[in-house]
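# Coordinates in review
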Amino acid sequence: MDNFKIVLFLCNWSPHAAFQKLQDLSFDIPAEINMIRIPCTGRISKALLFKAFEMGADGVALAGCSPGTCRYGSGTENAIKNTQDTRDILDIMGLGSERMRLETFLPDETDKMYQFLSTFTSDLKTMGKTPIKGFRSDEIPEDPKQSITKIIAEYDAYACLDCGKCTSSCPLALSGKDFSPRALVTSLIEGDITSETIKENIWSCLTCGVCYNRCPSEVNFPELIQKVRAHTTKDITGQNRLTHGGFFQSLMRSMTHSDIQQKRWQTLPKDIKTDPDSKILFHGGCAPYFDIFFRNHHKVENSDILENALKLLNFFDVTPAVLENERCCGHDLLWSGDRNNFLKLAKLNQKILNDSGIDEIITACPECYRTFAHDYPANGIDLNFKVTHLYEFLENEIDKSAVTFDGPEGRFTFQDSCRLNGLDEIKDLPRKLINRFASGNFQEMQDSKDGALCCGNSAWTGCDAYSKALQVKRIHQAKKTKSDFMITACPKCRIHLGCAMEDPFEGGKLKMELTDLTNIIAEHICWE
């Protein structure tokens, strides 16, 4: 018989008193319940709630204080929001929202506590176990120093001329952080991977690629850092550098389980046409998860990019397939050092996509494009179809079609995507598209193109005071253009710059509308 695992986060106040009485009176508490005593349910983040599922829990319960009785004031309210967000994420993943439940209690509600635990256990057994078997690593540890020596040789870091061009152009260094690609490479060559400064700097790098563009020896520092992180990811410094409690890495690791059957495209507008038999597949990426995770923070709405991308495909008479069980490409696992699970996810995607019979995959996400088109082949994952960025498709179609644009009105500027900037075949496409509808109302920021400032975060790592300072600097540059809004080309730029605009010290000085290039094109394109 299957052994079910239920994690119960039990508030130390009223719920604990009710649970304690159950024990004192020898109630038959379900053996599947694994109780964790906590100070307040409001302190259990979405990352912790989801982590329990990643580690193999079949259900997670929160037992909190009744509204108005929380000792910390907003604990119950926070728990309600985090629970609903987690439930909605579980629904998209196909696990089912009913695996996550919250109930509130007064100290004397012993019978209510027993009924809640018994009913939840019974319901879970009816639903069955989750397809997530629990995280374990099959990775065979290597000697980090020997591995990093190989990486240094692979990227010819010995060719560093010690000229300092990387440091003098690094957005992070220019924001005031004591960080130098040149100095870090020198330390790694010398075998220093244990000092706190070096460990910190390995995880501070934004992997934006500005240093690579400036390096006279063409040392690909971002990819070098990517490989080095894979050999230091178990270090506590690396774990502490994951933002939002490592939620997105947990989400992606959970997707490596082949039995998961997600429900990704349940809410598409009826006017969008898709065809399951199409030879062209549209890959959406993680935008729906971003929207749920951040909706109570700064109301992120990146799913509109996916809907507008599909509308544009329909506009040009393409009716694409969408994959209901679509998984993440694995970009953030790879760039945050978890190469082992990246490869598991990549191989699973390889089988699903190669067996789907498609000729082409189109994505609007620069990270998905880079991962499928470059990082999969570089890691031995061969795909039997063409990988196309939406901008390439649009530029080709607009170039041969009788289309025009009816706007947009107002002055605007553009935030470069690091991943697009790092790929010669598509780096110029955003501006080509912008110039098709710009009528003297487009103004470049001070740092643009190859020298553009990063949005301050990469692969959900390294968010600190310096990356925030970088974001604020970038928004000030946008403000100096006197623009009414900023166009972005990456969902994460939209998230991170939007977050920085809520800086309490700057007040409303940083507020500016952010919109994605895909949305602008979809809203203003028309037939002549």
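Quick caveat, the model's predicted, so the values are computed rather than measured. (Residues numbered from 1 in each chain as written. Predicted model: local features only at pLDDT ≥ 70, side-chain atom pairs only at ≥ 80, totals over all residues. Heavy atoms only, no water.)

Scanning the protein from N- to C-terminus turns up 24 helices and 13 strands. For the protein, the C-alpha atoms occupy an extent of roughly 75 × 60 × 50 Å along the three principal directions. Carbon and sulfur atoms provide 48% of the accessible area of the protein, an area that totals close to 22,200 Å². (Helix = DSSP H or I, 4+ residues; strand = E, 2+ residues; numbered from the N terminus. Areas by Shrake-Rupley, 256 points an atom, 1.4 Å probe, with all protein chains shown as cover.)

Time to look at the sheet that holds strand β5 (residues 280-283). On the basis of which strands lie adjacent, the open sheet formed by four strands has the order β6-β5-β7-β8 and parallel pairing. Edge strands, defined here as strands with exactly one partner in the open sheet, are β6 (321-322) and β8 (386-389). As paired elements, β5 and β6 share two bridges and run parallel to each other. For Phe282, the partnering residue across the bridge sits in β6 and is Val322. Each of β5, β6 and β7 (360-363) is contacted by helix α15 (residues 303-315), which is oriented at about 160 degrees to β5, the strand it contacts most. Taken strand by strand, helix α18 (residues 366-378) contacts β5, β7 and β8, and its axis lies near 160 degrees from that of β8. (Pairing = 2+ DSSP bridges. Contact = heavy atoms within 4.5 Å. Axes fitted to C-alpha atoms, helices over the stretch in contact; angles between N-to-C directions.)

With that settled, the discussion passes to the environment of Lys473. Relative to the helices and strands, Lys473 resides in helix α22 (residues 465-480). Taking the relative accessible area as the measure of exposure, Lys473 reaches 32% and is therefore partly exposed. Separated by 302 residues in sequence, Lys473 and Pro171 have C-alpha atoms that sit 9.9 Å apart. Aside from chain neighbours lying at most four places away, what touches Lys473 is Leu174 and Leu453. (Buried < 20%, exposed > 50% of the residue type's maximum accessible area, 1.4 Å probe, protein only.)

A few words on the sheet that holds strand β2 (residues 33-38). Strand order in this open sheet of four strands is β2-β1-β3-β4, and the pairing throughout is parallel. The strands lining the two open edges of the sheet, one partner per strand, are β2 and β4 (100-105). On average, each strand axis in the sheet is inclined to that of its neighbour by 20 degrees, with strand direction left out of account. Looking at chain direction, strand β1 (residues 6-11) and strand β3 (residues 59-65) are connected through five bridges and run parallel. Residue pairing for β3: Val7 is matched across the bridge by Val60. Where helix α2 (residues 46-54) meets the sheet, it contacts β1, β3 and β4, and its direction lies at approximately 150 degrees from that of β3.

Right, let's talk about the pattern of salt bridges for a bit. Taken as a whole, this structure holds 35 salt bridges when the rule is applied. Salt-bridge contacts for Lys351 lead to Asp355; the nearest nitrogen and oxygen are separated by 3.0 Å. The shortest N-O distance in the salt bridge between Asp450 and Lys427 comes to 2.8 Å. Linking Asp450 in the loop between α21 (429-437) and α22 with Lys427 in the loop between α20 (418-421) and α21, this pair joins segments that are 23 residues apart in sequence. Judged by relative accessible area, which is 15%, Lys427 ranks as buried. Here the salt bridges share partners, and the residues they tie into one network are Lys46, Asp85, Asp88 and Arg295. (Salt bridge = Lys/Arg side-chain N within 4 Å of Asp/Glu carboxyl O.)

Let us look at the packing of helix α13 (residues 247-254) against helix α14 (residues 287-294). At a closest axis distance of 12 Å, the pairing of α13 and α14 adopts a crossing angle of 140 degrees. By the criterion of interaxial angle, the relationship of α13 to α14 is oblique. Handedness of the crossing formed by α13 with α14: right-handed. Here α13 contributes Phe247, Phe248 and Leu251 to the contact with α14, which in turn contributes Tyr289, Phe290, Phe293 and Phe294. Considered class by class, the residues forming the contact of α13 with α14 number seven nonpolar, no polar and no charged. (Parallel < 35°, antiparallel > 145°, perpendicular 65-115°, else oblique. Left-handed = near helix turned anticlockwise from the far one by under 90°. Nonpolar A, V, L, I, M, F, W, Y, C, P; charged D, E, K, R; others polar.)

Among the ten residues that make up helix α23 (residues 491-500), nine are buried, leaving the element largely enclosed by the rest of the structure. Those residues of α23 not exposed but buried are Pro491, Lys492, Cys493, Arg494, Ile495, His496, Leu497, Gly498 and Ala500.

With that settled, the discussion passes to the packing of helix α1 (residues 14-24) against helix α4 (residues 110-127). Interaxial distance between α1 and α4 falls to 8 Å at its minimum, and their mutual angle equals 85 degrees. Viewed along their axes, α1 and α4 adopt a mutual orientation that is roughly perpendicular. Together, Pro15, Ala18, Phe19, Lys21 and Leu22 of α1 and Thr110, Met113, Tyr114 and Leu117 of α4 make up the contact between the two elements. Each residue belonging to the contact of α1 with α4 can be placed in one class, and the counts come to seven nonpolar, one polar and one charged.

Moving on, we get to unusual backbone geometry. Put simply, Gly407 and Pro408 share a cis peptide bond, and its omega is 5 degrees. Mapped onto the secondary structure, Pro408 falls in the loop between β9 (403-405) and β10 (412-414). If you check the backbone angles, His244 has positive phi at about 55 degrees while not being a glycine. Within the fold, His244 resides in the loop between α12 (236-240) and α13.

Glancing now at the domain arrangement of the protein. Along its sequence, the protein is carved into domain 1 (6-127), domain 2 (144-237), domain 3 (249-395) and domain 4 (403-527). A separation of 27 Å is found between the C-alpha centroids of domain 2 and domain 4. Opposite the 14 residues of domain 2 that make contact, domain 4 presents 18 residues. Between domain 2 and domain 4 the total buried area reaches about 1,200 Å² when both faces are included, carbon and sulfur atoms providing 57% of it. Linking domain 2 with domain 4 are one salt bridge. One salt bridge in this structure joins Lys177 and Asp464, with 3.6 Å as the shortest N-O distance. Elements with a minimum of two residues in the side of domain 2 that touches domain 4: α7 (171-174) and α10 (210-214). Residues that form the side of domain 2 that touches domain 4 fall into these classes: seven nonpolar, four polar and three charged. (Domains from an automatic or database assignment. Buried area = accessible area lost by both parts, 1.4 Å probe.)

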